[in-house]
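Structural characterization, general
Listed below are the residues making up each chain.
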Amino acid sequence: MARENYKAEQLWLNGYFEHVDIFDLGMEAEFQMRQSGVTLPEVLDVLANGDVEWADRHHEGCAFVISGRNCDDEEIKICGGFNSGIEMVSVMRIEKAR
């Protein structure tokens, strides 16, 4: 369902995530990763292969919410932003469904 609602953003973000130069993980997101047991490879996989639930594109990039599943079929939701000028992804929040 999410892929249909944000199809253009899905394609746009997936294309950019393949060529990201800088990955910024906020302190709160890092804390949430430790608390929930989410690994960095899981985060990168969700960014590359997850479904865009919400996105707001603007001239400098976009803000997004992307969700996906890890190999244990647990849902992971990532909130962040992408700055196209410097090709940087910032992850601000990571949630793992229990």
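On a predicted model such as this, the values are computed, not experimentally measured, just so you know. (Residues numbered from 1 in each chain as written. Predicted model: local features only at pLDDT ≥ 70, side-chain atom pairs only at ≥ 80, totals over all residues. Heavy atoms only, no water.)

**Regarding the side chain of Lys 96**
Applicable threshold: We count a stretch as a helix when DSSP gives it H or I for four or more residues in a row; a strand needs E for two or more, and each element gets its number in order from the N terminus. Under this definition, polar contacts are N or O atom pairs within 3.5 Å; protein pairs additionally need one hydrogen-donor-capable and one acceptor-capable atom, and for neighbouring residues in sequence, both atoms have to be side-chain atoms. Residues count as neighbours in contact if any of their non-hydrogen atoms are within 4.5 Å of one another.
Considering the arrangement of structural elements, one finds Lys 96 in strand S5 (residues 88-96). Of the polar contacts made by the side chain of Lys 96, one reaches the side chain of Glu 74; its length is 3.1 Å. Leave out the neighbours within four places in its chain, and Lys 96 touches Ser 36, Gly 37, Val 38, Asn 70, Glu 74, Glu 75 and Ile 76.

**Quick notes on the pattern of salt bridges**
We apply this condition: Counted as salt bridges are all cases of a side-chain nitrogen of Lys or Arg within 4 Å of a carboxyl oxygen of Asp or Glu. The rule is simple: take the accessible area with a 1.4 Å probe, protein chains only, and divide by the maximum for that residue type; under 20% is buried, over 50% is exposed, in between is partly exposed.
Overall, the coordinates contain five salt bridges when judged by the stated rule. The salt bridge involving Arg 34 is made with Glu 30; its shortest N-O contact spans 3.2 Å. Taken as a pair, Arg 34 and Glu 30 lie in helix H3 (residues 27-36) at a separation of four residues, close to a single helical turn. You can call Arg 34 exposed: its relative accessible area is 56%.

Honestly, it's all geometry; don't read function into it.
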